[in-house]
Amino acid sequence: MPVYRNVKRLCILRLSALGDATHVVPVIRAFQDINPETEITWIIGKREHNLLNGLENVEFIEFDKSGGWSAVKALRGALRDRRFDALFHMQVAARANLLSRMIRAPLRLGWDRARSRDFHHHFTRHRVASVPFQHQVQGFLEFPRALGMEVEAPRWDLPISDKAHNWVGSHVPDDKPVLLINPCSSHPMRNWRSENYAEVADHAIGELGMQVVLSGGPGELELRVAGEIASAMQNPCANLVGKDTLEQSKAMLKRADLVISPDSGPAHLASALGTPVIGLYAATWSKRSGPYNSLYLCVDRFREAARRFRKSEPEKLRWGTRIEEPGVMDLIQPRDVICQIETWAELNA
């Protein structure tokens, strides 16, 4: 009998980040589709929980990563009397490895050695299959496969509240297709120049009749970059950076006809919601971490980056290598992105 049949209580440990939390959802959907009687508990970061609030038939235990020892004690208290049949230890960072010791489960499944760090393999008893050059979404799906589940195509079906949809409707007219630009990653070296975004946005407005929306968090970097893009544009845009909640951001990504973003959580979220994404990749490789459903639209210069900054072919680098060097994103030019916008427009004509 496949192992998953014996898993009545599953604990998932994945605290962050937004993109990776999005990748966990198909794992949950696999259980809900194939072994729906399994009770699923997910130990998750506070911001990630806000993003996935409303995901049905999942118990969330929130861990505040900024809470220090009080957060650790709270988690220990929440888990003190709990027993699980299996733990999916899906995060290799040292903090998550230490927290995993609080989770009692006879089957402790973690990443393979190639994707392990911070002694992750010492905190698990079993490992997922090692698959070379595997996209992260499929990598996460190796966890249910390790228990005997046959799952290939990921399913997300992320919930969005009616209230969030209504908020988008009140801010964005529905008379023109929407190009949503999410310009900032949490890793500054993955970000593209503001003037490049402005040039691309003006092309979308002038040549394709689109309306442009700028989206992002309330941080100083996001606010500054959005202001630079809006100032450099020849046409008006809707600057919603810092003005929406995570739930409203989900609705905005769903409403968009096309998204442009560097390697970031919103790029993965948009892809999961079924919105086409032009991902901008040079510091990381879209083959591993591109928006899963839109890899054909990505502008990927990782190969050139590997040759220039690492003197190597990308296949020879450790899987998951980041080339976060000054100037790496300048390998992408506005004309490259405009070409992909035109490709998208032709496909949707």
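The rules behind each value
- Residues numbered from 1 in each chain as written.
- Predicted model: local features only at pLDDT ≥ 70, side-chain atom pairs only at ≥ 80, totals over all residues.
- Heavy atoms only, no water.
- Pairing = 2+ DSSP bridges.
- Helix = DSSP H or I, 4+ residues; strand = E, 2+ residues; numbered from the N terminus.
- Buried < 20%, exposed > 50% of the residue type's maximum accessible area, 1.4 Å probe, protein only.
- Contact = heavy atoms within 4.5 Å.
- Axes fitted to C-alpha atoms, helices over the stretch in contact; angles between N-to-C directions.
- Polar contact = N/O pair within 3.5 Å; in protein donor to acceptor, adjacent residues only side chain to side chain.

## Side note on the sheet that holds strand 8 (residues 211-214)
Then comes step 1: The six strands lie next to each other as 9-8-7-10-11-12, forming an open sheet whose pairing is parallel. Across the chains shown, the open sheet's two edge strands, defined by having one partner strand only, are strand 9 (238-239) and strand 12 (299-300).
Then comes step 2: Bridge count for strand 7 (residues 178-181) against strand 8 is four bridges, and the pairing is parallel. The residue of strand 8 that forms the bridge with V178 is Q211.

## Structural notes on unusual backbone geometry
Then comes step 1: Of note, the amide linkage connecting S16 to A17 takes the cis form, showing an omega dihedral of -5 degrees.
Then comes step 2: Mapped onto the elements of the fold, A17 is located in the loop between strand 1 (9-13) and helix 1 (18-34).
Then comes step 3: Positioned with a positive phi, F119 is a non-glycine residue whose angle comes to about 60 degrees.
Then comes step 4: Looking at the secondary structure, you find F119 in the loop between strand 5 (107-110) and strand 6 (126-127).
Then comes step 5: In the Ramachandran plot, K311 falls in the positive-phi region, its phi being about 55 degrees despite a non-glycine side chain.
Then comes step 6: Turning to its location among the elements, K311 is positioned in the loop between helix 12 (302-309) and helix 13 (334-347).
Then comes step 7: What makes K311 exposed here is its relative accessible area of 71%.

## What about the sheet that holds strand 4 (residues 86-89)?
Then comes step 1: Pairing within the open sheet is parallel, and its six strands lie in the order 3-2-1-4-5-6. In this open sheet, the two edge strands, each paired with only one partner strand, are strand 3 (59-63) and strand 6.
Then comes step 2: In terms of strand pairing, strand 1 meets strand 2 (residues 39-45) through five bridges, oriented parallel. Paired with L10 across the two strands is I40, which belongs to strand 2.
Then comes step 3: Sitting on the sheet, helix 3 (residues 68-79) touches strand 2 and strand 3, and the angle it makes with strand 3 is about 155 degrees.

## Brief notes about the environment of L15
Then comes step 1: On the secondary structure map, L15 appears in the loop between strand 1 and helix 1.
Then comes step 2: Assessed through its relative accessible area of 1%, L15 is described here as buried.
Then comes step 3: C-alpha separation for the pair L15 and D162, spaced 147 residues apart in sequence, amounts to 27 Å.
Then comes step 4: Residue contacts for L15: discarding those within four places in its chain leaves I43, I44, G45, E48, F63, K65, Q91 and L99.

## Side note on the side chain of Q340
Then comes step 1: Along the chain, Q340 turns up in helix 13.
Then comes step 2: Here the side chain of Q340 touches Y296 through a polar contact of 3.4 Å, landing on its backbone oxygen.
Then comes step 3: Beyond its immediate chain neighbours, meaning those up to four positions away, Q340 contacts I278, Y296, L297, C298 and V299.

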